[in-house]
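The chain contents come next:
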Amino acid sequence: MSKLIKIRAYEYAELNDKAKDNFINSMWDMSFEYEDEDEEGNTIIKYDYFGEWDLKEQIDFCEYNDYLFNKYGKLIGHLEEAEA
């Protein structure tokens, strides 16, 4: 049985700085691999971290992945909107 409740969900851009910091801290364990080349042309694997991106990149990433947050910057998952 499903239950209809109201919940306040925020996009990353709407979070205050402290909430953004909370999410950034939770993302430090998750790196993003990408391929690059060294000076000799060899393919190498490098790692990128959410916290090192600028604000625009962070916002774009969260929007692309449809991330929603509580007011403390914790992911709350994907929600379904009820039609009135």
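Preceding this paragraph is the structure being described.
Since this is a predicted model, take the numbers as computed values, not measurements. Here the residue index of a chain counts from 1 through its sequence in written order. Given that this is a predicted model, residues contribute local features only at a pLDDT of at least 70 and side-chain atom pairs are listed and counted only at 80 or more, while totals for whole chains, interfaces and linings are drawn from all residues. Only heavy atoms go into the side-chain values, all of them from the structure, while hydrogens and water stay out.

## With respect to the nonpolar core
Rules: The definition of a nonpolar core used throughout is a set of buried Ala, Val, Leu, Ile, Met, Phe, Trp, Tyr and Cys residues joined through side-chain atoms within 4.5 Å. Each residue is assigned to one of three classes by its accessible area relative to the maximum for its type, calculated with a 1.4 Å probe on protein chains only: buried under 20%, partly exposed between the two thresholds, exposed over 50%. Runs of H or I in DSSP of at least four residues are treated as helices and runs of E of at least two as strands, each being numbered from the N terminus. Residues are treated as being in contact if the distance between any of their heavy atoms lies within 4.5 Å.
If you look at the biggest cluster of nonpolar residues, it comprises 13 residues, and the most contacted ones within it are Tyr12, Phe23, Phe50, Phe61, Cys62, Tyr67 and Phe69. Elements represented by at least two residues in this core include exactly α1 (17-27) and α2 (55-64). The greatest single-element share of this core, amounting to four residues, is contributed by α1. With residues up to four places along the chain from it excluded, the contact list for Phe61 reads Met27, Phe32, Phe50, Trp53 and Tyr67.

## What to know about unusual backbone geometry
Unlike most non-glycine residues, Asp66 shows phi in positive territory, near 55 degrees. Given a relative accessible area of 51%, Asp66 falls into the exposed group.

## Quick notes on a negative patch on the surface
We apply this condition: Nonpolar side chains (Val, Leu, Ile, Met, Phe, Trp, Tyr) within 5 Å and like charges within 9 Å form the patches, drawn only from residues with over 30% relative accessible area and no salt bridge. Surface exposure here means Shrake-Rupley accessible area, sampled with a 1.4 Å probe, where a residue is shielded only by the protein chains that are shown. Salt bridges are defined by distance alone: a side-chain nitrogen of Lys or Arg within 4 Å of a carboxyl oxygen of Asp or Glu. As used throughout, the charge tally considers Lys and Arg to be positive and Asp and Glu to be negative, leaving His and the chain termini uncounted. Taken as the charge location is NZ of Lys, CZ of Arg, CG of Asp or CD of Glu.
On the surface, a cluster of negative charge is contributed by Glu11, Glu14, Glu63 and Asp66. On the secondary structure map, Glu14 appears in the segment before α1. Judged by relative accessible area, which is 51%, Glu14 ranks as exposed.

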